[in-house]
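# Topology and contacts: notes
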Amino acid sequence: PQNMNVQTLGAVLLAGNSAYEYYSFSSSLAPRFINSVNNIKNASGNKSNVYTLIIPTSIDIDLNDAVRKEVNSSDQKKALEYFNSSFKNTTAVTGIYENLRNHRTEYLYFRTDHHWTALGAYYAYEQFIYTKGINPVELGKYKVLSFDGFLGSFYSSTEQSSELAKTPDTVIAYE
């Protein structure tokens, strides 16, 4: 939104009370990663099932679309499609990007840290389990634990931004 305070602090975009890590796709480095992944099955003597599960960062999922269009960060959806189409001898877990986008109004990524929340991880787990051909454990079956006051790596790397400090994260765990 036009009234949102947006600023870049090093490799971090601060937008309102949330921080985001820029994503930079490198066409020169991507083949090295792809080759490494493709060689895992051979390294196991072809005895393992190998799944690839690449997680998008919050900048493509949570950041307001109008702000995202103005940000110089690579398109993660295109990068994921490129990676997933390049893996051989592995099973690419697809649909994670779309599942996270479908749930983007939920608490999927921490505002003050580069990690996703347990809920974000759960939605990727759903896609992984569906890829394996089985049903996930329903989220409602877990006991929920909550821990308030978390200020993460973005808080540290933005020199303890007062905007981030005003609304610390809550860590929610599913047991």
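Residues numbered from 1 in each chain as written. Predicted model: local features only at pLDDT ≥ 70, side-chain atom pairs only at ≥ 80, totals over all residues. Heavy atoms only, no water.

### Some words on the sheet that holds strand β2 (residues 12–15)
Within the open sheet, the three strands sit side by side as β1-β2-β3. Their pairing is antiparallel. Looking along the sheet, the strands with just one partner apiece sit at the ends: β1 (6–9) and β3 (18–21). When the angles between neighbouring strand axes are averaged without regard to direction, this sheet yields 25 degrees. Here β2 runs beside β3; their pairing, made up of four bridges, is antiparallel. Bridging across to β3, A15 finds its partner in S18. (Pairing = 2+ DSSP bridges. Helix = DSSP H or I, 4+ residues; strand = E, 2+ residues; numbered from the N terminus. Axes fitted to C-alpha atoms, helices over the stretch in contact; angles between N-to-C directions.)

### Quick look at the pattern of salt bridges
A complete count under the given rule lists eight salt bridges for this structure. The partner of D65 in a salt bridge is R104, with the nearest N and O atoms 3.1 Å apart. Here R104 lies in the loop between α5 (96–102) and α6 (118–132) and D65 lies in helix α3 (residues 65–70), a separation of 39 residues in the sequence. Classification of D65 as partly exposed rests on a relative accessible area of 35%. Take R104: its relative accessible area is 21%, and that puts it in the partly exposed class. Here E175 and K143 are joined by a salt bridge, their closest N and O atoms 3.9 Å apart. (Salt bridge = Lys/Arg side-chain N within 4 Å of Asp/Glu carboxyl O. Buried < 20%, exposed > 50% of the residue type's maximum accessible area, 1.4 Å probe, protein only.)

### Brief notes about helix α1 (residues 30–43)
An ideal rise of 1.5 Å per residue puts 20 Å on 14 residues; α1 measures up with 20 Å between its terminal C-alpha atoms. Taken together, the buried positions of α1 are A30, I34, V37, N38 and K41. All buried residues of α1 fall inside an arc of 90 degrees around its axis, so they share one side. For α1, the exposed residues lying more than 90 degrees away from the buried face are R32 and A43. Residues of α1 that are buried make contact with β4 (51–52) and α4 (76–86). Following α1 by one or two positions, G45 adopts a phi angle in the positive range, close to 70 degrees. (Expected span 1.5 Å × (residues − 1). Arc of directions from axis to C-beta. Contact = heavy atoms within 4.5 Å.)

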